[in-house]
Amino acid sequence: MSILVINSSGAKQATSLSIPKTKQLPDEVVATVIRATTANQDRQHGTTKRRGEVAGGGAKPWRQKGTGRARAGSNRSPLWRGGGITFGPIGAFRARKEVPAKVRRAALFSTLQGLAEAGRLIVVDGALKLSTSKLASAWRAKLPIDRSILVIVTGEELPSVLGIRNLAGCELTTTSDFTTYDLHRVHGVVLSKAAFSQITRTESKKSKSGQTTKAAAKPVTVRKEKTS
């Protein structure tokens, strides 16, 4: 699998990158992850009152027969102005849909693999300095993808690429904010080299001390024989 690597100026590089091998997930599993993501993002609901919750309306507006008007039992009916709402949101709590972390990560890598195979995944090797719309527009014109793209950078790189937000068809996010759903909403994905390393976790993780300390061996206990 070949991933297109370019420098900050848009020139193609000979560097080869690879995505960690994961089992290709069925489309149904990826769709489940996306549905759970969107459902968890929309958990707040408004609250409306039904006809029995609106204050007033205890008296019958007019008698049942003889007035020539339609029958009415309460002026808080949903048919009346100021009445209750039919089938409106009642502020019910929606339980969070949990997806195992292994499944979310596999869905993410499966999507990245699909983008790489289609030639719609690009990694930028080098520091990006796109703080203005003019610089971002010139850089965008050099990309081989002419449709909507998602640019993913690290939190440290974000201040230097804010000009991308002003471009039509370009979205900007960080490695800690994007989801598998975000990858499916755009045509192509552009990653910085540091963001690609964080996502694939290729960077070596060392302990603060740099050395591992072995646990101290327990002293050997000697059993004393009983003397008669």
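Residues numbered from 1 in each chain as written. Predicted model: local features only at pLDDT ≥ 70, side-chain atom pairs only at ≥ 80, totals over all residues. Heavy atoms only, no water.

What to know about the sheet that holds strand β1 (residues 4-7)
Each strand in a sheet pairs with another by means of backbone hydrogen bonds, the pair being arranged parallel or else antiparallel.
Here is step 1 of the chain: What the 5 strands build is an open sheet, ordered β1-β2-β5-β3-β4; its pairing is parallel. Edge positions in the open sheet fall to β1 and β4 (170-174), since each of these has one partner strand only. For this sheet the average axis-to-axis angle between neighbouring strands, irrespective of direction, equals 25°.
Here is step 2 of the chain: Across 4 bridges, the pairing between strand β2 (residues 121-125) and strand β5 (residues 188-192) is parallel. Residue Val 123 lies in a different strand from β5, and its bridge partner there is Leu 191. (Pairing = 2+ DSSP bridges. Helix = DSSP H or I, 4+ residues; strand = E, 2+ residues; numbered from the N terminus. Axes fitted to C-alpha atoms, helices over the stretch in contact; angles between N-to-C directions.)

Some thoughts on the layout of surface pockets
Here is step 1 of the chain: Approximately 640 Å³ is the volume attributed to the largest pocket.
Here is step 2 of the chain: Forming the boundary of the largest pocket are 23 residues, of which Arg 104, Arg 105, Leu 108, Phe 178 and Thr 179 lie nearest the centre.
Here is step 3 of the chain: Elements represented by at least two residues in the lining of the largest pocket include exactly α1 (27-41), α2 (101-117) and α5 (193-200).
Here is step 4 of the chain: Looking at side-chain class alone, the lining of the largest pocket contains 7 nonpolar, 8 polar and 8 charged residues. (1 Å grid on protein atoms, 1.4 Å probe; cavity = no way out; pocket = protein on both sides within 12 Å on 5 of 7 lines; lining within 4 Å. Points joined across faces, edges and corners; volume = space filled by probe spheres on them. Nonpolar A, V, L, I, M, F, W, Y, C, P; charged D, E, K, R; others polar.)

With respect to the pattern of salt bridges
Here the idea is simple: oppositely charged side chains can pair when their charged atoms come close.
Here is step 1 of the chain: Taken as a whole and assessed by the stated rule, the structure comprises 3 salt bridges.
Here is step 2 of the chain: Between Glu 98 and Arg 96 there is a salt bridge, with the nearest N and O atoms lying 3.8 Å from each other.
Here is step 3 of the chain: Owing to a relative accessible area of 63%, Glu 98 belongs among the exposed residues under this scheme.
Here is step 4 of the chain: Overall, Arg 96 belongs to the partly exposed group, its relative accessible area being 48%. (Salt bridge = Lys/Arg side-chain N within 4 Å of Asp/Glu carboxyl O. Buried < 20%, exposed > 50% of the residue type's maximum accessible area, 1.4 Å probe, protein only.)

Focus on unusual backbone geometry
Apart from glycine, the bulk of residues carry a negative phi angle, and the bulk of peptide bonds sit in the trans form.
Here is step 1 of the chain: Within the chain, Phe 87 stands out as a residue other than glycine whose phi angle is a positive 55°.
Here is step 2 of the chain: Along the polypeptide, Phe 87 turns up in the loop between α1 and α2.
Here is step 3 of the chain: Among the residues examined, Phe 87 registers a relative accessible area of 80% and is labelled exposed.

Observations regarding the packing of α1 against α2
Here is step 1 of the chain: With their axes 10 Å apart at the nearest point, α1 and α2 run at an angle of 115° to one another. By the angle class used here, α1 and α2 are roughly perpendicular. In this structure, the crossing between α1 and α2 has a hand that is left-handed. Residues Val 29, Val 30 and Val 33 of α1 form the contact with α2, whose own contacting residues are Val 103, Arg 104, Ala 107 and Thr 111.
Here is step 2 of the chain: Grouping the amino acids of the contact of α1 with α2 by side-chain chemistry returns 5 nonpolar, 1 polar and 1 charged. (Parallel < 35°, antiparallel > 145°, perpendicular 65-115°, else oblique. Left-handed = near helix turned anticlockwise from the far one by under 90°. Contact = heavy atoms within 4.5 Å.)

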